[in-house]
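The chain contents come next:
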Amino acid sequence: MASQQFVAAQTDWNLIRAFVAVVEYGSLTNAALQLGLSQATLSRQIAELEQVTGSALFERVARGLKLTVAGDHLVAPARHMMVAARALSMASASQDKGLSGTVRITASEIASAYVLPPILVKLAELHPEIQIELVASNQLSNLLEREADIAIRLLRPTQSALITRHIGDWPLGMYAHSSYLNSASFKNQKQTLTLSEDADVTTMAEYRWIGYDQSDQLLAGFRAAGIMIQPSFFAFRCDNHLVNWQALRAGLGIGIGLQWLARQYPDLHRVVPEQTLPSLPVWLTSHRELKSNQRIRTVFDFLAQELSAIE
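Now for a description of the structure that goes with this document. (Residues numbered from 1 in each chain as written. Predicted model: local features only at pLDDT ≥ 70, side-chain atom pairs only at ≥ 80, totals over all residues. Heavy atoms only, no water.)

**Points about the overall build of the chain**
Reasoning step 1: Scanning the chain from N- to C-terminus turns up 13 helices and 12 strands.
Reasoning step 2: For the chain, contacts bridging at least 24 residues in sequence account for 73% of all contacts bridging at least 6. (Helix = DSSP H or I, 4+ residues; strand = E, 2+ residues; numbered from the N terminus. Contact = heavy atoms within 4.5 Å.)

**What about the nonpolar core?**
Reasoning step 1: Among the nonpolar cores identified, the biggest contains 58 residues, and I105, I150, F222, L284, L303 and L307 are the most heavily contacted of them.
Reasoning step 2: In terms of nonpolar packing, the next biggest core, distinct from the first, is built from 22 residues, V20, A32, L57 and A78 among them. (Core = buried A, V, L, I, M, F, W, Y, C linked by side-chain atoms within 4.5 Å. Buried < 20%, exposed > 50% of the residue type's maximum accessible area, 1.4 Å probe, protein only.)

**Examining the sheet that holds strand β5 (residues 150-153)**
Reasoning step 1: Strand order in the open sheet made by the five strands is β4-β3-β5-β12-β6, with mixed pairing throughout. Looking along the sheet, the strands with just one partner apiece sit at the ends: β4 (130-136) and β6 (162-170). Here the strands of the sheet are splayed against their neighbours by 20° on average, with no regard to which way each runs.
Reasoning step 2: The sheet strands contacting helix α6 (residues 109-126) are β3 (101-107), β4, β5 and β6, and the helix crosses β4 at an angle near 170°. (Pairing = 2+ DSSP bridges. Axes fitted to C-alpha atoms, helices over the stretch in contact; angles between N-to-C directions.)

**Considering the pattern of salt bridges**
Reasoning step 1: If you walk through the whole model with that rule in mind, you get five salt bridges.
Reasoning step 2: For the salt bridge of E133 with R104, the shortest nitrogen-to-oxygen distance reads 3.0 Å. One end of the pair, E133, is in strand β4; the other, R104, is in strand β3, with 29 residues separating them in the sequence.
Reasoning step 3: According to the relative accessible area criterion, R104 is partly exposed, its value standing at 28%.
Reasoning step 4: D301 is paired through a salt bridge with R297; the nearest N and O atoms lie 3.3 Å apart. (Salt bridge = Lys/Arg side-chain N within 4 Å of Asp/Glu carboxyl O.)

**Remarks on the packing of aromatic side chains**
Reasoning step 1: Across all of its chains, the model carries six aromatic pairs by this definition.
Reasoning step 2: Between F19 and F58 the ring centres are 5.6 Å apart and the planes differ by 50°, which places this aromatic pair in the tilted class. Of this pair, F19 sits in helix α2 (residues 13-25) while F58 sits in strand β1 (residues 58-61), placing them 39 residues apart in sequence.
Reasoning step 3: When its relative accessible area of 12% is taken as the criterion, F58 is described as buried. (Phe/Tyr/Trp six-rings, centres within 6.5 Å; stacked < 30°, edge-to-face > 60°.)

Following this line, the structure appears as structure tokens:
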């Protein structure tokens, strides 16, 4: 009965999207972050949906929210309705022949903050009729579900329904600010800072390193080079790449950054230059069905041209 009432009475797709997001991400906080909404707004949407269905859909537990029996019965029809809505949106977008309108781009935090703004200025001057929505996130948005029109990714997508173009490779390096290199805590180290399979990890750890908190990306990179370290190796840990970059610029320690970006800051100096780090491959991605959308194709081609010029 509840699901029938849900299908018959529900007309606001935002409520369905809110419900599915909370189911998938397990809490209002995580779902609101993924949808770009405030937690209060998402909570109101769930409350409105519960009023429509006449049933409580979630109950609070220690680690977030748990579906009630009524809520569990609505998951399948809600997801079916979301798939239908996305298919309708995709079909509509593929028929759009004009330039006027919005293009939604997703890119990493660093690319969104330091790469795209000057590029988007040029785009705005050439095509003022195009509006841009930018999702700055290191999470991989699902283009197949139309969470974004275009993605700038640092790994190659594998879905066959996507258009992908390899833009280039961005080399990485290890850097430190001059204030840290000139500090007593750095100069007091008598050992030469080296990175190799026979490096003394204990000595290396006496320097201040900037790394990630929950992500194991850097741990895996060090271990791939034969350097076995634990999270405590990094004296400062944060998963937000922008925060880590500012910590590096403030002189908090040694961190890993893009070479082309580091060259813009004279006070940043490369350390252990003999250590070769893997480059980050840059891929520009869009949905295959959007080839007929002139607006998205225009932005896609412009981004490809501009991003290819970065070395």
